[in-house]
Structures are given as C-alpha cells and as structure tokens.
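Structure at a glance
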Amino acid sequence: MVLSRYLARLGYGSRKEVELLIRQRRVTSRDGVVLRDGDCPPHDDILVDGAPLDPPEGSVVVLHKPLGFVCSTNDRPPIVYELLPPRFLARTPVMATVGRLDADTTGLLLLTDDGALNHRITSPRTHLSKTYRATLAEPLRGDEAAQFASGTMMLKGEDTPLLPAVLHQHAGLMVDLTITEGRYHQVRRMFAATGNHVVSLQRIALGPLNLDGLLEGAWRLLSATEVASLRAAASRSSRVVAPPASDAAPDAT
C-alpha cells in the first residue's frame, strides 16, 4: 500500500490532503529521512509532523468512559470520540465502539476498526463475561444471588429466561454483577425486577480485561497479548449453548 493511501485510511486526511503532507516533507522516518509516496516503511517508523502515527489498522483500544458521554458518532454531545484522537472518526474503517454503554453508565469500553472482532464480541451467540459494579438504592433482601444464578429469571416483556449471573456483595449498598448476555439495560432491569434501583453503574471488566488503574476519560492501546486473550475468550464463550437472545447484544446497562 502506498504511503498516501495508508495515511488516508488512518484518518490523516483525504488522499489529496495526505499527498500534500508528503510533498511538504512533513512525513518522515524516525531517523529524520523525508518519506516519499512510494515508500512503505513499518508503521512504527513513520512520523507526521514529528509525532508517531495513531494505532495501526486492526487495533483495539480501551477507554474509561465517564458519566454523561454517549457511544455514538453523530449524537448530541458529549460523545466518547471527544475523548479520543479526532482522526479515529476519520479512519477507514472507523474506530467503532464494541457494543455500547449508555450515558448514565461509566467504565470499560472497547473500540476497534477490526469489524470481525467487533462482531464476534457483540454477537448474541457470544457469551463473554461482563462485570458491573452497582450502587443500589436499597439493601439486598438476601435472595437476589440465588435468583440471578438460577437461569430461570424472566425480565418484563421478554419470553426467554436470563442466563445465570453471579452477584457479589460489597460493604453497604455496593455490589458486583457478572453477566454473559447483553440485553437492553439488563443490569438495571434485573435489580428493578427484585424491587431495587441502580443509583450508579460502572463496567469494571469485559472478558479477561479490566480497567487496571486507567483513569476516567483516559484510553490506552491493548497489547497484542491482550488482544489475543480477548479473541480466545470470545471464541470460547461462543461455544456455550444457551437460549436464543435478541438479534443484537448492544447494551446491558
């Protein structure tokens, strides 16, 4: 792939705009050599205006989504892309969110331009674990863990029971809930079905990944090892035989 096309796919401008960058000698190698359009150096050896390139194609990033931000490319602001390099929206393909967290939910959100991986993780046939930390309005009654783990719990308006979920109680009104589906507002609806209300909600883990000290509003690139672990976990979880779910698994919050 010629250099101008490669940079255009990474969102550095249209093909003509990137060709102009190259003619202006603003694209160089790490050792200062001015690059031409016919050059094809490794991704990590290319600088634009002296800065390293954004993550290469096929990358996965994890974002610690703050409260109030929307997982959309064209919704009313603030949107999660305001927390990321502006070129992420201009990439081909776009760096898309892997599923969604609603505006009132914070925590771990993945983005990738790997469409196959995105589909694998969000497919209703994939039952990758997701752990949420919730603050409740009322103390637990005591039977919620058994109810969530039963595999027979029904949500209002649905005709298939939920897969078993694991509830862990912390001190006070804080709990962790691990689910393997992504039904609409699933966590909030599960507690509502027990007569409780979720005051605040944060996703703290997705499969083998967790926030691991990532500050709110910050993002980082997943390593090749982390991506491989994520792929393996998604592949294993897709072999689980379970009742049919809805056509998509976009939002369990």
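Here, every reference points to the structure presented above.
What this report covers is the structure whose coordinates are included nearby. Computed from a predicted structure; not experimentally measured. (Residues numbered from 1 in each chain as written. Predicted model: local features only at pLDDT ≥ 70, side-chain atom pairs only at ≥ 80, totals over all residues. Heavy atoms only, no water.)

Regarding the overall build of the protein
Looking only at helices and strands, the protein has six helices and 12 strands in total. The principal-axis extent of the C-alpha atoms belonging to the protein is close to 70 × 35 × 30 Å. Sorting the 253 residues of the protein into buried and exposed places 44% on the buried side. Once local pairs closer than 6 in sequence are excluded, the contacts in the protein between residues at least 24 apart make up 64%. As presented, the protein carries roughly 12500 Å² of accessible surface, and 54% of it is formed by carbon and sulfur atoms. (Helix = DSSP H or I, 4+ residues; strand = E, 2+ residues; numbered from the N terminus. Buried < 20%, exposed > 50% of the residue type's maximum accessible area, 1.4 Å probe, protein only. Contact = heavy atoms within 4.5 Å. Areas by Shrake-Rupley, 256 points an atom, 1.4 Å probe, with all protein chains shown as cover.)

Overview of the nonpolar core
Generally speaking, a soluble globular protein has its nonpolar side chains buried in company with each other. Of all hydrophobic cores here, the largest spans 33 residues; its most connected members are Leu111, Phe148, Leu177, Ile179, Met190 and Phe191. Sorting the residues of this core by element identifies β4 (60-65), β6 (105-112), β7 (130-136), β9 (174-179), α5 (186-193) and β10 (198-206) as the ones contributing at least two each. Not counting the four nearest positions on each side in its chain, Leu177 is found in contact with Lys130, Thr131, Tyr132, Phe148, Ala165, Val166, Leu167, Val187, Met190 and Phe191. Counting 17 residues, the second-largest nonpolar core is a separate cluster that includes Val60, Leu128, Leu206 and Val227. (Core = buried A, V, L, I, M, F, W, Y, C linked by side-chain atoms within 4.5 Å.)

Notes on the pattern of salt bridges
For the structure shown, the criterion picks out 14 salt bridges. Arg87 serves as the salt-bridge partner of Asp54, at 2.7 Å between the closest nitrogen and oxygen. One end of the pair, Asp54, is in the loop between β3 (51-52) and β4; the other, Arg87, is in the loop between β4 and β5 (96-97), with 33 residues separating them in the sequence. Classification of Asp54 as buried rests on a relative accessible area of 8%. (Salt bridge = Lys/Arg side-chain N within 4 Å of Asp/Glu carboxyl O.)

Focus: α5
Looking only at α5, the buried set comprises Gln186, Val187, Arg188, Met190 and Phe191. Those residues of α5 hidden inside the fold are in contact with β6, β7, α4 (144-149), β8 (166-169), β9 and β10. Residue Gly195 follows α5 closely and has a positive phi angle near 90°.

Things to note about unusual backbone geometry
Most peptide bonds take the trans configuration, and most residues that are not glycine carry a negative phi. Look at the link from Pro77 to Pro78: it is a cis peptide, with omega at 5°. Mapped onto the fold, Pro78 is located in the loop between β4 and β5. Here the residue pair Thr92 and Pro93 is connected by a cis peptide bond, since its omega of -5° sits within 30 degrees of zero. One non-glycine residue with positive phi stands out, namely Asp49, at about 55°. Checked against the element boundaries, Asp49 lands in the loop between β2 (46-48) and β3.

Comments concerning the sheet that holds β2
In space, the three strands of this open sheet follow the order β1-β2-β3, with antiparallel pairing throughout. The strands lining the two open edges of the sheet, one partner per strand, are β1 (27-29) and β3. Across three bridges, β1 lies against β2 in antiparallel orientation. For Val27, the partnering residue across the bridge sits in β2 and is Val48. (Pairing = 2+ DSSP bridges.)

Focus on the packing of aromatic side chains
Across all of its chains, the model carries two aromatic pairs by this definition. A ring pair is formed by Phe88 and Trp219, whose centres lie 5.5 Å apart and whose planes are at 65°; its orientation type is edge-to-face. One end of the pair, Phe88, is in the loop between β4 and β5; the other, Trp219, is in strand β12 (residues 219-221), and 131 residues separate them in sequence. Geometrically, the ring pair formed by Phe148 and Phe191 is edge-to-face, given 5.3 Å between the ring centres and 85° between the ring planes. Placement of the pair is Phe148 in helix α4 and Phe191 in helix α5, with a sequence separation of 43 residues. With respect to burial, Phe148 and Phe191 carry one shared label: buried. (Phe/Tyr/Trp six-rings, centres within 6.5 Å; stacked < 30°, edge-to-face > 60°.)

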